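Listed here are the chains, written in short residue letters.
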Protein chains: 2
Amino acid sequence: MPRVGRKEQILEKASGLFSRKGYHATTIRDISEASGILSGSLYAHIQSKEDLLFEITDRGAEHFLQSVRPIVEGEGDVVTKLRKAMIAHVRVIADHLEAATVFFHEWRSLTNERSACIQRKRDKYEGLWSQLLEEGMREGSFRSLDEKFTRLLILSAMNGLYQWYQPAGELTPEEVAERFATILLTGLDYREEVAGREHSG
Amino acid sequence: MPRVGRKEQILEKASGLFSRKGYHATTIRDISEASGILSGSLYAHIQSKEDLLFEITDRGAEHFLQSVRPIVEGEGDVVTKLRKAMIAHVRVIADHLEAATVFFHEWRSLTNERSACIQRKRDKYEGLWSQLLEEGMREGSFRSLDEKFTRLLILSAMNGLYQWYQPAGELTPEEVAERFATILLTGLDYREEVAGREHSG
DNA sequence: CCTACCGATCGGTAGG
DNA sequence: CCTACCGATCGGTAGG
């Protein structure tokens, strides 16, 4: 009889293993052992190994979408929205570090419809950032740059976080996002204070 | 009798397969089939599957080191050196896209001494960028920011390239690096022309 | 959730 | 570089 919460526990263990060893290097026996059951018993809870990967990846995609969409589609000046979106993005990574690692590193191992589903959500998510950047460039708050290029640079810079962020370290997600914003926005932001920005050196 | 250049061909094929499918999802039979020989015959050329991964990864590390080191340790003003280093880094990725993908995505699958060897070279490479950034911050050419944070942001932003760069596309490595520099340096560079930088919008 | 198991495939080897 | 093969392990299943 499946224990209540067992599925969540299995997903937790699988996230940890997939993030550390990679999806293909992790065996069903690794996951079942970490979950305290035998490998055959795992299939009382899941349908396949790829199901686990999909569920972890899909939750990651949903986290990003649901955190950033309300900010992009909400009211407020575009610079503040960009800062908030960056904080939200960094927070998703920092708060779900293992799942984020799997999301960024292992989603290519998904096949067929599952792969396509995640790809659609990734495209949707990138679209939110496009919208934000285009809005800012159109109204003159951001310098007019290649939107696609700028978006890829920002997302790449933030996504790198999963490779070095240490939750036990001294920086909170907000502090990390603030530093990102300081470096990146000062390059983006072309409003009046640019000429007079502080020099801390 | 091993054919001349066969080893290089095998490395080429393995790079392509590892970059598309991942190291663990690629089988010895995949590689041998792509190389036009049978799986047993592969071992006339290599000692193990992991040897292939190591050789691809190690060459990648050497490419980065040998391209960027002379720039960092050479003469010239630090802003120009940063631009040159960025161009060199982007060029390594763009010119060896499959190997770069393996280098960034699969090096964690290496074990023991091989893993440690690559880790040392990665540390050495990061050290070059630290040196460059610290030099620029010390002499006042760059804004005084958290060096480690700035370095990780820059490298993450550039390394994201392997996920979206299309050699058949319209941008040359130099153009890509220039755009990176435009966005990132304007955030870093705090010299006189900052206040009067051009606005292309 | 366990016992017992399966067909397939894996990386790699011996001998030529 | 091929033929023929091996022990180990893989994801997954049947029956309880």
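What you see is a predicted model, and the numbers here were worked out from it, not measured in a lab.

> Outline the overall build of chain A, listing residues and values.
Per the secondary structure count, chain A includes eight helices and zero strands. Summarising its shape, the C-alpha atoms of chain A cover approximately 65 × 35 × 30 Å along the three principal directions. The buried share of chain A, taken over its 201 residues, is 53%. Excluding contacts between residues fewer than 6 apart, the proportion of contacts in chain A whose partners are at least 24 apart in sequence is 70%. In the structure as shown, chain A presents an accessible area of about 9500 Å², 48% of it carried by carbon and sulfur atoms. If the 27 positive side-chain charges of chain A are averaged to one point and the 31 negative ones to another, these points end up 5 Å apart.

> If you had to explain the protein's contact with DNA strand C to someone new, which residues and values would you point to?
Around DNA strand C sit 15 residues in total, of which A:S41, A:H45, B:T27, B:I28 and B:Y43 are the nearest. Backbone atoms, meaning sugar and phosphate, form 64% of the atoms of DNA strand C found within 4 Å of the protein. Interatomic distance of 2.7 Å between a side-chain N/O atom of A:H45 and a phosphate oxygen of DNA strand C. The side chain of B:Y43 places a nitrogen or oxygen atom 2.8 Å from a phosphate oxygen of DNA strand C. The residue inventory of the surface near DNA strand C, partitioned by class, reads five nonpolar, six polar and four charged.

> Give me helix α6 (residues 112-138) of chain A: which residues, what numbers.
All names here are of chain A. For α6, built from 27 residues, the straight-helix expectation of 39 Å at 1.5 Å per residue is met to within 8% by its first-to-last C-alpha distance of 38 Å. Every buried residue of α6 is accounted for by S115, C117, I118, K121, Y125, L128, W129, S130, L132, L133, G136 and M137. Those residues of α6 that are buried are in contact with α3 (49-73), α4 (78-95), α5 (97-106) and α7 (147-159). After α6 finishes, the residue G140 shows a positive phi value of roughly 85°.

> Can you tell me about the nonpolar core, naming the residues and giving the values?
In terms of nonpolar packing, the biggest core is built from 129 residues, with A:F18, A:W129, A:F180, B:F18, B:W129 and B:F180 touching the most fellow members. Apart from residues no more than four positions distant in its own chain, A:W129 is found in contact with A:V68, A:L82, A:A85, A:M86, A:H89, A:R151, A:I154, A:L155 and A:M158.

> I'd like to hear about the UniProt feature "DNA-binding region" (unreviewed entry) in chain A, residue by residue, with values.
Under the UniProt annotation, the feature "DNA-binding region" (unreviewed entry) is placed at residues 27-46 of chain A. In the segment residues 27-46 of chain A, helix accounts for 40% and strand for 0%; the C-alpha atoms at its two ends are 14 Å apart.

> For unusual backbone geometry, give the residues involved together with the corresponding values.
Residue and element names in this part refer to chain A. Here N112, not a glycine, exhibits a phi torsion of approximately 50°, which is positive. When you line up the elements, N112 lands in helix α6. The class of N112 is exposed, set by a relative accessible area of 57%.

> Could you give an account of the pattern of salt bridges, naming the residues involved and the relevant values?
Residues and elements named next belong to chain B. Scanning all chains against the criterion turns up 32 salt bridges over all chains. For the salt bridge of E55 with R59, the shortest nitrogen-to-oxygen distance reads 3.3 Å. Taken together, the positions of E55 and R59, both in helix α3 (residues 49-73) and four residues apart, correspond to about one turn of that helix. One salt bridge connects R83 with E178, and the closest N-O pair in it is separated by 2.9 Å.

> I'd like a description of the side chain of B:H105, backed by residues and values.
Among the structural elements, B:H105 can be located in helix α5 (residues 97-106). For B:H105, the side chain forms a polar contact with the side chain of B:Y162, separated by 2.7 Å.

Criteria and thresholds
Residues numbered from 1 in each chain as written. Chains lettered and ligands numbered in written order. Predicted model: local features only at pLDDT ≥ 70, side-chain atom pairs only at ≥ 80, totals over all residues. Heavy atoms only, no water. Helix = DSSP H or I, 4+ residues; strand = E, 2+ residues; numbered from the N terminus. Buried < 20%, exposed > 50% of the residue type's maximum accessible area, 1.4 Å probe, protein only. Contact = heavy atoms within 4.5 Å. Areas by Shrake-Rupley, 256 points an atom, 1.4 Å probe, with all protein chains shown as cover. Lys, Arg positive; Asp, Glu negative; His and termini not counted. Charge placed at Lys NZ, Arg CZ, Asp CG, Glu CD. Near = heavy atom within 4 Å. Polar contact = N/O pair within 3.5 Å; in protein donor to acceptor, adjacent residues only side chain to side chain. Nonpolar A, V, L, I, M, F, W, Y, C, P; charged D, E, K, R; others polar. Expected span 1.5 Å × (residues − 1). Core = buried A, V, L, I, M, F, W, Y, C linked by side-chain atoms within 4.5 Å. UniProt positions renumbered as here; feature names shortened; annotations may be inferred. Salt bridge = Lys/Arg side-chain N within 4 Å of Asp/Glu carboxyl O.

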